[in-house]
Amino acid sequence: MSFWRAIALAALCAAAPALLAGEIPPEARRSGYSFMGPDTRAMQDDDTSNPGMLFVLDGEALWTKKAGSADKACADCHGDARSSMKGVAARYPAFDKSLGHPVTLDQRINLCRADHQQATPLPYESRDLLALSAFVAHQSRGFAITAGDDPQLKPFVAQGRDLFMRREGQLNLACTNCHDDNFDKRLAGAPITQAQPTGYPLYRLEWQTLGSLERRLRSCMTGVRAQAYDYGSPELVTLELYLMSRARGLPMETPAVRP
Amino acid sequence: MWPPRSSRRTRAAAALIAASLVFATGAQAEGPVPYRIAGDGIPESLTGAPGDATRGRALVLARTTTCILCHSGPFPETRFQGDLAPDLTGAGNRWSVSQLRLRLVDASHFNPETIMPSYYRADGLVRVGRNFAGKPILSATEIEDIVAFLATLRD
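Residues numbered from 1 in each chain as written. Chains lettered and ligands numbered in written order. Predicted model: local features only at pLDDT ≥ 70, side-chain atom pairs only at ≥ 80, totals over all residues. Heavy atoms only, no water.

Once that is clear, we can look at the overall build of chain B. Regarding its fold elements, chain B presents six helices and zero strands. When the helices and strands of chain B are placed in sequence order, the string is α-α-α-α-α-α. By the burial criterion, 37% of the 155 residues in chain B qualify as buried. Pairs at least 24 residues apart make up 54% of the contacts formed inside chain B by residues separated by at least 6 positions. In the form shown here, chain B has an accessible surface area of approximately 8700 Å², with 57% of it arising from carbon and sulfur atoms. (Helix = DSSP H or I, 4+ residues; strand = E, 2+ residues; numbered from the N terminus. Buried < 20%, exposed > 50% of the residue type's maximum accessible area, 1.4 Å probe, protein only. Contact = heavy atoms within 4.5 Å. Areas by Shrake-Rupley, 256 points an atom, 1.4 Å probe, with all protein chains shown as cover.)

Laid out in structure tokens, this is it:
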């Protein structure tokens, strides 16, 4: 049985999950921004010094560029992104009715490329996909996160939470061990945050480039010496969904800057 | 910073160690050797020989060994130390060699909920990365070296 089908079946008996011991209460949730030093904050705050804005500008150019055998641009169907894409990213991953499971913003963009532009999907972490996704998500900057509110998503959120709580890898650590139980402490000198996904795709100084939330999650998995899930896998999508629902009410920051 | 990356020096050292293992032992199994728990410790050395405290200190400081991701200690040469766990200063006063050995082999023996990894265990783990599957984090020799070093941390 596929992962998605198993979750859909589990949905039949799933109840709304209450806050587990160790989970961060809503009023105590803080973006990674609040853990940063003044220099990195200043870099994010000023659009002329935020390196993520270059990707947003690239995305804006791609928005109006015709692509695929349908010879259509995003703008041909969606018009001005400043109004049509307002607040959209704040509710992603979102439930896709025809697929019967949640899709991330990257996947939604690639569905439009495949279904509506008749173009080949853009590879994960490619500059064009990051740029489009940054441009679309930037239209939600300042919007409160609402992802996961759709009742159809409940079982998928619960699945993501199970993965967040599960120990894995040779170091046998769960996401919750660092990001719920030990935020504000230092791992080899570096501050641990609450893992709030408020700013993606974001510019990480360590990467010297923009990167997706999935890239970040895969690197945390590699850090505990676990086999990272593939880009776009149901596991990463449900983890992303759980993280977004866990950040409910926090404002979007795309493109954020992180150390 | 995170995930910890091996420096060129530790990679070179790892290659050297790997080469010498092949040379010295040929077809030795990679899994842990059996050991005996008595009370709250492992009284006998895992290798049958005492460890080398100087090598143990270097291991504790190496990022790939992972101790100082969580711990701090009397290590003035590095500021990259963690505060998720107690300072290791004085560990040799608080614990016997036998207890230190069991702590490293299987910290969950002392606290089932601990976040400290079990360094000499290769089973019962989930989704271990391909490069690490079936192997304990540290070898018996490395455990003994670190135990010997921790025992010297007395104030």
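Alright, that's what it looks like, and here's the rest.
Let's shift gears to the overall build of chain A. The helix and strand inventory of chain A stands at 11 helices and seven strands. C-alpha extents for chain A along the principal axes are approximately 50 × 50 × 35 Å. Taken over 259 residues, chain A has a buried fraction of 54%. Taking all contacts inside chain A whose residues are at least 6 apart in sequence as the whole, residues at least 24 apart take part in 69%. Element-wise, carbon and sulfur atoms account for 55% of the exposed surface of chain A, whose accessible area totals about 11200 Å².

As a further point, take the interface of chain A and chain B. The extent of an interface is frequently quoted as the accessible surface area lost upon association of the parts. Residue-level contacts link 30 residues of chain A with 31 residues of chain B. Summed over both sides, the interface of chain A with chain B buries roughly 2600 Å², with 57% coming from carbon and sulfur. Counting across the chain A and chain B interface gives zero salt bridges. For the interface between chain A and chain B, the tally reads 11 residue pairs in polar contact (both at pLDDT 80 or more). (Buried area = accessible area lost by both parts, 1.4 Å probe. Salt bridge = Lys/Arg side-chain N within 4 Å of Asp/Glu carboxyl O. Polar contact = N/O pair within 3.5 Å; in protein donor to acceptor, adjacent residues only side chain to side chain.)

Phe-156 of chain A together with Val-60, Leu-104, Ile-143, Ile-146 and Leu-150 of chain B are the most contacted members of the largest nonpolar core, which has 53 residues in total. When residues of this core are traced back to their parent elements, those giving at least two are helix 1 (3–11), helix 8 (154–165), helix 10 (213–223) and helix 11 (234–246) of chain A together with helix 2 (53–61), helix 3 (67–70), helix 5 (97–105) and helix 6 (140–151) of chain B. Every residue in contact with Phe-156 of chain A, bar those within four places of it in the chain, is listed here: Trp-4, Ile-7, Phe-95, Gly-100, His-101, Pro-102, Thr-238 and Leu-241 of chain A. Counting residues in each nonpolar core, the second largest holds 33 residues, with Phe-55, Met-85, Leu-130 and Met-252 of chain A among its members. (Core = buried A, V, L, I, M, F, W, Y, C linked by side-chain atoms within 4.5 Å.)

For residues that are not glycine, phi is negative in most cases, and the peptide bond is trans in most cases. Going from Tyr-92 of chain A to Pro-93 of chain A, the amide bond is cis rather than trans, its omega being 0°. By the element assignment, Pro-93 of chain A lies in the loop between helix 5 (81–84) and strand 1 (94–96). The amide bond that connects Tyr-200 of chain A to the next residue, Pro-201 of chain A, takes the cis arrangement and shows omega of -10°. Position of Pro-201 of chain A among the secondary structure elements: in the loop between strand 4 (190–191) and strand 5 (202–204). The residue Gln-208 of chain A is not glycine, and still its phi comes out positive at about 60°. You will see that Thr-66 of chain B, though not glycine, has its phi angle at about 80°, which is positive.

Sites flagged by UniProt as "domain: Cytochrome c" (unreviewed entry) map to residues 58–145 and 159–252 of chain A. Taken end to end, residues 58–145 of chain A has its terminal C-alpha atoms 25 Å apart, with 44% of it in helix and 7% in strand. (UniProt positions renumbered as here; feature names shortened; annotations may be inferred.)

This paragraph deals with the UniProt feature "domain: Cytochrome c" (unreviewed entry) in chain B. According to UniProt, the feature "domain: Cytochrome c" (unreviewed entry) maps to residues 51–154 of chain B in the numbering used here. With 37% helix and 0% strand, residues 51–154 of chain B has end C-alpha atoms that lie 17 Å from one another.

We now examine the packing of helix 6 (residues 105–116) of chain A against helix 7 (residues 127–138) of chain A. Residue and element names in this part refer to chain A. Between helix 6 and helix 7, the least distance of the axes is 10 Å, while the angle of their chain directions is 110°. With respect to each other, helix 6 and helix 7 are oriented roughly perpendicular. Residues Leu-105, Asp-106, Ile-109 and Asn-110 of helix 6 touch helix 7, and the partners they reach there are Leu-129, Leu-132, Ser-133, Val-136 and Ala-137. Of the residues contributing to the contact of helix 6 with helix 7, the split by class is six nonpolar, two polar and one charged. (Axes fitted to C-alpha atoms, helices over the stretch in contact; angles between N-to-C directions. Parallel < 35°, antiparallel > 145°, perpendicular 65-115°, else oblique. Nonpolar A, V, L, I, M, F, W, Y, C, P; charged D, E, K, R; others polar.)

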